[in-house]
Amino acid sequence: MKIKYLLCLVSLSIFSQNTSKFFKAPEGYLLLGSDLHTHTVFSDGMVWPSVRAQEALRESIEIIAITDHLEYQPHKEDIPNPDLNRSYFIARQSVNEKDLIILRGSEITRSMPPGHFNAIFIKDANKLLVKGDSLAGIIEANKQDAFVFWNHPHWTSKKDGRMDGIAKLDPVHKELFSKNLVHGIEVANEDTYSEEALEIALKNNLTILGTSDIHGLVDWDFNIPDGGHRPLTFILTKDNSQSSIREALFQGNTFVWFKDLLIGKEENIEPIINSNLKLKSNGYVGETTLLEVKISNLSSASINIEYLGEYTFYKNSKFLSIPPNSSINIQLKTISKLKKINLPFKILNVVTGLRKSLKLDYDLEIY
Ligand SMILES: [Zn+2]
Ligand SMILES: [Zn+2]
């Protein structure tokens, strides 16, 4: 009996490492939650690298990247280690590789333009620190087969003359995209979100990312004890090998969970909503022509929807909110008893483009 119990625990824990606890993955895919932009005391962060790993474990995140600034180390007098890979090694050695995937990365830090870029899956951070030409670090990262993304393109900075919070392209960005030296873009960073960055991602076929860019403690900045979460990039992948994760990022198979929003390309986010928002007919209520439909949300995010069809509701309005991991029952006034029904919805907190939300149709059989 004891052994059986133990085995059950072991298999459960392996399963939890392999797929996200926050969203149900579409059939045939793994869904891994990641934060690909974090700092430690080895640049301008406030914590030792192993704390980053522990935070991620506590939050049930599958992947983090340690991306300390190459060019900015305010704690250098106290931590004079010359190896720019050091924070990654400390974090990686602090946990079992099976429990958390830690990616080696760096933040290439230049003023705008071109701005800040993260390179992950790098082989040696030291080689990225190239003085002079602002693109040399990005070029070296590409030589190391890194996945490179543009960080917080919408940041305000007086020094850089950017005070409007609008992500926009300079000629150097167009050059970087056309030469395929940059592969992704942050649409969410820390507590900010940019629809213009999303537009840039969609127009230039860049991978959509959301990151915490955490410097302090995740618990403090994102209110984790009270149910908060940091911005996360979910990666749809075949398996949890680093090569499959890298391939999925290059293919753009991601979506972002930022505050109450889910942000992503329609082809990625639609199967996620289909797997996590389920509708089922409960049939007609007694002798009435009130059709009861159960709407279940299997995810850890609230899902807010607007009914776009012809009927009105008995107990609700057309705006419905389904809390995380719960269900609601709605009653539609169909006037006559139907055998089947089509229910069209707009998913209000799923963003698929500039001023664009996801629309989904559900066809239900009525028994
Ligand atoms: Zn930055
Ligand atoms: Zn940063």
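Residues numbered from 1 in each chain as written. Chains lettered and ligands numbered in written order. Predicted model: local features only at pLDDT ≥ 70, side-chain atom pairs only at ≥ 80, totals over all residues. Heavy atoms only, no water.

## Re the overall build of the protein chain
Rules: Think of it this way: any DSSP run of H or I at least four residues long counts as a helix, any run of E at least two long counts as a strand, and we number them from the N terminus. Values of the radius of gyration come from C-alpha atoms, whereas the globule rule sets the reference at 2.2 Å times the count of residues to the power 0.38. Classification of residues uses two cut-offs on accessible area relative to the type maximum, computed with a 1.4 Å probe and protein chains only: under 20% is buried, over 50% is exposed, and between them is partly exposed. Here, two residues are considered to be in contact whenever any of their heavy atoms come within 4.5 Å of each other. Accessible areas in this description were obtained via Shrake-Rupley with a 1.4 Å probe; residue shielding takes into account the shown protein chains only.
Counting its secondary structure elements, the protein chain contains 9 helices and 18 strands. Against the globule reference of 21 Å for 367 residues, the protein chain gives a C-alpha radius of gyration of 23 Å, in line with a compact fold. Looking at the protein chain as a whole, 53% of its 367 residues qualify as buried. Restricting to contacts in the protein chain with at least 6 residues of sequence separation, those with at least 24 account for 65%. For the protein chain, the accessible surface area stands at approximately 17500 Å², while carbon and sulfur atoms represent 52% of it.

## A closer look at the sheet that holds strand S16 (residues 326–333)
Basically, it comes down to this: What makes two strands pair is DSSP finding at least two bridges between them. Helix axes are fitted to C-alpha atoms over the stretch in contact, other axes to C-alpha atoms as well, and angles between N-to-C directions run from 0 to 180 degrees.
Taken together, 3 strands build an open sheet; the order of strands is S12-S13-S16 and the sheet is antiparallel. Pairing within the sheet leaves two strands with one partner each, and these edge strands are strand S12 (277–284) and S16. Along the sheet, successive strands turn relative to each other by an average axial angle of 25°, direction set aside. Pairing between S12 and strand S13 (residues 290–297): 7 bridges, direction antiparallel. Within S13, the position partnered with Lys278 by the bridge is Ser296. Strands in contact with helix H9 (residues 266–276) are S12 and S13; relative to S12, the strand with the most contacts, it is inclined by about 40°.

## A short note on the coordination of the zinc ion (ligand 1)
For clarity, the cut-off: Sodium, potassium and calcium take a 3.2 Å donor cutoff, other metals 2.8 Å, and in both cases only N, O and S atoms count; water is not among them, so sites may look incomplete.
Coordination of the zinc ion (ligand 1) by the protein involves Glu107 (OE), His116 (ND1) and His152 (NE2), with metal-donor separations of 2.0 to 2.2 Å. Sequence positions of the residues that donate to the zinc ion (ligand 1) give the spacing E-x8-H-x35-H. Between the zinc ion (ligand 1) and the zinc ion (ligand 2), a spacing of 3.5 Å is present, and a bridge between the two is formed by Glu107. Of this pair, His116 sits in strand S4 (residues 116–120) while His152 sits in the loop between strand S5 (147–150) and helix H5 (171–178), and the two are 36 residues apart along the sequence.

## So, the packing of aromatic side chains
Going by this rule: Pairing of aromatic rings covers Phe, Tyr and Trp, the last counted by its six-membered ring, and requires centre-to-centre distances within 6.5 Å; plane angles under 30 degrees mean stacked, over 60 mean edge-to-face, and any other angle means tilted.
Following the criterion strictly, the structure yields 17 aromatic pairs and no others. Here the aromatic residues Phe22, Phe23, Phe234, Phe255 and Trp257 are joined through ring pairs into a cluster of three or more.

## Some points on the coordination of the zinc ion (ligand 2)
The condition is simple: Every angle between 85 and 135 degrees makes a four-donor site tetrahedral, while opposite donors more than 155 degrees apart, with all other angles between 65 and 115, make a four-donor site square planar and a six-donor site octahedral; other sites are irregular.
Around the zinc ion (ligand 2), the protein contributes the donor atoms His37 (NE2), His39 (NE2), Glu107 (OE) and Asp213 (OD), at 2.1 to 2.3 Å from the metal centre. Between the 4 donor atoms coordinating the zinc ion (ligand 2), the angles at the centre fall across 79 to 164°, so the site counts as irregular. The sequence pattern formed by the donor residues of the zinc ion (ligand 2) is H-x1-H-x67-E-x105-D. Given the relative accessible area of 0%, His37 is considered buried. A residue is classified by how much of its surface remains accessible, and Asp213, at 5% relative accessible area, is buried.

## Side note on helix H6 (residues 195–203)
Our working rule: Picture the helix axis, draw a direction to every C-beta atom, and the arc is the one those directions span.
Of the residues making up H6, those classed as buried are Ala197, Leu198, Ile200 and Ala201. Axial view of H6: buried residues confined to an arc of 160°, hence all on one face. Immediately downstream of H6, the backbone of Asn205 shows phi near 50°, a positive value.

## Focus: the environment of Leu31
Looking at the secondary structure, you find Leu31 in strand S1 (residues 30–35). For Leu31, a relative accessible area of 0% corresponds to the buried category. For the pair formed by Leu31 and Ile235, sequence separation is 204 residues and the distance between their alpha carbons is 5.6 Å. Residues contacting Leu31, with those up to four places away along its chain left out, are Thr19, Ser20, Phe23, Lys24, Ala25, Phe234, Ile235, Leu236, Phe255 and Ile272.

## Focus: the layout of surface pockets
Stated formally: The way it works is a 1 Å grid over only the protein atoms, where trapped points that fit a 1.4 Å probe form a cavity and open points with protein on both sides within 12 Å along at least five of seven lines form a pocket, and then any residue with an atom within 4 Å of a point lines it. Grid points are joined across faces, edges and corners, and a volume is the space filled by probe spheres set on the points. Here the term charged refers only to Asp, Glu, Lys and Arg, the term nonpolar to Ala, Val, Leu, Ile, Met, Phe, Trp, Tyr, Cys and Pro, and the term polar to all other amino acids, Gly among them.
Taken as a whole, the largest pocket spans an internal volume of roughly 230 Å³. Lining the largest pocket are 19 residues, with Phe42, Gln73, Lys76, Asn81 and Leu84 positioned closest to its centre. Residues of the lining of the largest pocket, tallied by class, amount to 9 nonpolar, 6 polar and 4 charged.

## A look at the domain arrangement of the protein chain
Rules: In this document the domain limits rely on a domain assignment from an automatic tool or a database. Buried area is a sum: the accessible area each of two parts loses on coming together, probed at 1.4 Å, counted once for each and added. The term salt bridge refers to a pairing of a side-chain nitrogen on Lys or Arg with a carboxyl oxygen on Asp or Glu at a separation within 4 Å.
In terms of domain boundaries, the protein chain breaks down into domain 1 (18–264) and domain 2 (276–365). Put simply, the middle of domain 1 and the middle of domain 2, counted by C-alpha atoms, are 36 Å apart. Domain 1 puts 15 residues into the contact, and the matching count from domain 2 is 12 residues. Between domain 1 and domain 2, a total of about 1200 Å² is buried, with carbon and sulfur atoms accounting for 57% of that surface. The largest share of the area that domain 1 buries against domain 2 comes from Lys24, Glu195 and Leu262, three residues that together contribute 36% of it. Our count for the domain 1 to domain 2 interface comes out at 0 salt bridges.

## Considerations on the pattern of salt bridges
Tallied over the entire structure, the rule returns 12 salt bridges. Note that Asp35 is salt-bridged to Arg230, the shortest N-O span being 2.6 Å. Here the residue Asp35 occupies a position in strand S1, and Arg230 occupies one in the loop between helix H7 (218–222) and strand S9 (232–237), the gap between them amounting to 195 residues. By relative accessible area, Asp35 is classed as buried at 0%. The residue Glu306 makes a salt bridge to Lys318 at a minimum N-O spacing of 3.1 Å. Highlighted residues: Glu306 in strand S14 (residues 303–307) and Lys318 in the loop between S14 and strand S15 (319–322), separated in sequence by 12 residues. Exposure remark for Glu306: the relative accessible area of 13% places this residue in the buried category.

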